[in-house]
Structure formats: C-alpha cells, structure tokens
Amino acid sequence: MPPLPEWPTRANLGGMQVPAQFQYEKATSVEHALELLGRYGSESRLVAGGHSLIPMMKLRLAQPEALIDINDLDELARISVEEDTLVVGAMVRHADLLDSAIAGEHFPIFHDAERMIADPVVRNRGTVGGSLCQADPSEDLSAAFAAVRAEAVIQGPRGRRTTPVREFFTGPYQTVVEPDELLLQLRVPIRSSASAYEKVERRAGDWAVAAVGAALRLEGDQLAEVGIGLTALGAPQFHAPEAEQFLTGGPATPERFAEAGRIAAQHCNPLADQRGPVDYKRHLAATLTARALGKALSRWRGRNHQEA
Ligand SMILES: Cc1cc2nc3c(=O)[nH]c(=O)nc-3n(C[C@H](O)[C@H](O)[C@H](O)COP(=O)(O)OP(=O)(O)OC[C@H]3O[C@@H](n4cnc5c(N)ncnc54)[C@H](O)[C@@H]3O)c2cc1C
C-alpha cells in the first residue's frame, strides 16, 4: 500500500497555507472601526466576508498585524432607497443583493451579475464592499457599478467623501480607499434606465473569462445615456468611455451596438492566461458588449411597452 499523504502542518507547508500571527479586533461601530484602524495603522486590515483576504493571508500574500472585523456593523448591511438613490451598504452580502427586490427592480444588472458570482457559499459570506475594495481585475460588481455610474462613500479620520466608482480604482488590487479609511456604501442614482450583465465563464461559479455590463436610457428613439462596464478585460477603471460616447445621441440599433462592441474591444487590454488568449478575450469583449446592450434595450422596451 502506498504511504498516506502527509497531513498539512505548519512545518511541512513551510509556513504556507497558515496565516502569520495577527491581533484580532471586533469593531462595534463605524467610529470604533476607524479608531482601531488609527490605532494599528497601515499594518491593519479590515475583514468583511474574508473570502479574498483570508486566502491571501494563508498564502502570506497579506500579513496584517491586526484584523479588524466589521461583520457586526449592521448599519453597513442594508439596501435602501433614499429619495432617488439606491443605497447599497458595504457589508451587504452578495446573496442579499441577489435577493433584493428593490435593487432588482431598478437595476437588474445586479441580479444578472450576482447569479453568476461564485457559488452560494461564497455569496452568503462575501460582501459588496469587500469585492470592490479587493479590486480584483476580474471582479464582477466593479463593472456593474461602473456601468450604472455609482458613487462610493468613504469614511475616514478626515471626514466623509464621495467618489465616482469610475474613479475608485487606481490599479489592479488598488483603490482610492486609504489604509485609515472605510468604504461605507455605494450610491446609485435611480433614473429611468434599463441594464443587463453578460458573462462568459469556463464553468458555473468561476471567475469571468470576460464580462460586460450595460445600462442605457432612451429619449424618443435616441440613446440619451449609455454606460458600459467591462471586467477581466484590462479596461482602465472597468469601463469603455469611447464606446459610450459613440452610442450616446444616436439610435439604438443592432448595427450600432456591434460597432460599440468593436470600439470597446479596441479600448481594453486583456492578458493571455489559462482562461484564454488575447484575441479570444477581445472577441468576447465585442460580442458581450453588443449582447448586454441588446438585452438592456429589450428590457427598456418591455418596461416602456414599445415594440422590440
Ligand atoms: C471560490 C471563490 C470564487 C469567487 N468567484 C467570484 C466571481 O466569480 N466573481 C466575483 O466578482 N468574485 C468572486 N469571488 C470573490 C468574492 O465575491 C468576495 O466577494 C470577495 O472575495 C471579497 O469580498 P469579502 O467580503 O470576502 O472581502 P474580504 O476578503 O473580507 O476583504 C477583501 C479586501 O477588502 C477590504 N475591505 C473589505 N471591506 C472593506 C470596507 N468596507 N472598507 C474598506 N476595505 C474593505 C479588506 O481589508 C481586504 O483588503 C470569489 C471568491 C471565492 C473564494
């Protein structure tokens, strides 16, 4: 009989797979979380769902001296409408966004995206804020929030500030949130619009090979507003401004959507990896852009009782 595999221990893994030692603090309010961030400085990290941070700690890609747990901050876990704005708290779980009727009514793009993010285990724990702050180049919600032109509200010792999601990301795994700050919520202006999200993945629950979100609003038969979010495609700030500009002010036709897809594909800068070569990903960028725009348009027409 062959020898049984060795049970993983600190020794035989050479330190990998087991996080380095850290302090653990449980924040009881936003103010308390900020106080703890101030106390531990840049060596501390907030932990939300932990689905990205804990694996990184196990691989020693992150070695915070202190983990500040914000899971008890119920005030950050709500989805609400304030006047004409949908407010999504940073601690809203993926599953809650997927279940939210009010979010789905105004922005079906979120339900489209959430249905394809990971699996129920990850969706029950992973958060909207953690996803955006992780800023993984293949993260789905960044493209969805970019398409609908959301704003991010950030709180820190210098007060509260608001930044467009389109200016939130400063690079792969980097955002404008400073080490002593906390993302509070995402705010999406509710205006008459329709939206959709299209993703290609190698198998159910996988990260995107490529994905595109689209939001649009018509005035008469002209596109008055267009948002296109791209993920896993190396598009700066997860969106496609040239394709949006091309479409805005003109009619919503399949030919123009196809041309917008070609423009979006040129704008992005995908990397070849195990999910596919560059030309395949550019092809997906073009196809998914046209498809997401077409789906958003048919939702618009369905809601406005117009003929498709
Ligand atoms: C198996 C698996 C499959 C996945 N598939 C997908 C997928 O298909 N698509 C997709 O988009 N995602 C996917 N994910 C990612 C998942 O959706 C999580 O949402 C994501 O890992 C981060 O959310 P979290 O709440 O777990 O954040 P955490 O891991 O707790 O935190 C991530 C980072 O954000 C920081 N942070 C968290 N909250 C805040 C805050 N409020 N303010 C400031 N900083 C904050 C933390 O300090 C940390 O640096 C997958 C994850 C796993 C494990």
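What you see is a predicted model, and the numbers here were worked out from it, not measured in a lab.

Concerning the packing of aromatic side chains
Throughout the structure, instances matching the rule amount to four aromatic pairs. Judged by centre distance (4.6 Å) and plane angle (40 degrees), the ring pair of Phe110 and Phe145 falls under tilted. Here Phe110, found in helix H5 (residues 108–115), pairs with Phe145, found in helix H8 (residues 140–147); they are 35 residues apart in sequence, far enough to count as distant. Each residue in the set Phe107, Phe110 and Phe145 is aromatic and connected to the rest through ring pairs, giving one cluster.

Overview of the site of the ligand
Lining the immediate environment of the ligand, one finds 28 residues, of which Leu46, Gly50, Ser52, Thr127 and Asp140 sit closest. Contact distances for the ligand include 2.8 Å between an oxygen atom and a backbone N or O atom of Leu53. Interatomic distance of 3.2 Å between a backbone N/O atom of Asp206 and an oxygen atom of the ligand. Protein chains shield 90% of the accessible area of the ligand, which is 970 Å² for the free molecule. Only strand S2 (44–47), helix H7 (128–134) and strand S10 (182–189) provide two or more residues apiece to the shell around the ligand. Residue composition of the shell around the ligand, by class: 13 nonpolar, ten polar and five charged. Two domains each provide a minimum of three residues to the shell around the ligand, namely domain 1 (23–69) and domain 2 (74–189).

So, the domain arrangement of the protein
In terms of domains, the protein is made up of domain 1 (23–69), domain 2 (74–189) and domain 3 (206–302). Domain 2 and domain 3 are separated by 21 Å when their C-alpha centres are compared. Taken together, the 20 residues of domain 2 in the interface contact 21 residues of domain 3. Together domain 2 and domain 3 conceal approximately 1,500 Å² of surface at their shared face, both sides included; 53% is due to carbon and sulfur atoms. Counting across the domain 2 and domain 3 interface gives four salt bridges. In this structure, the salt-bridge partner of Lys295 is Asp112, at a minimum N-O distance of 3.9 Å.

Basis of the calculations
- Residues numbered from 1 in each chain as written.
- Predicted model: local features only at pLDDT ≥ 70, side-chain atom pairs only at ≥ 80, totals over all residues.
- Heavy atoms only, no water.
- Phe/Tyr/Trp six-rings, centres within 6.5 Å; stacked < 30°, edge-to-face > 60°.
- Helix = DSSP H or I, 4+ residues; strand = E, 2+ residues; numbered from the N terminus.
- Near = heavy atom within 4 Å.
- Polar contact = N/O pair within 3.5 Å; in protein donor to acceptor, adjacent residues only side chain to side chain.
- Areas by Shrake-Rupley, 256 points an atom, 1.4 Å probe, with all protein chains shown as cover.
- Nonpolar A, V, L, I, M, F, W, Y, C, P; charged D, E, K, R; others polar.
- Domains from an automatic or database assignment.
- Contact = heavy atoms within 4.5 Å.
- Buried area = accessible area lost by both parts, 1.4 Å probe.
- Salt bridge = Lys/Arg side-chain N within 4 Å of Asp/Glu carboxyl O.

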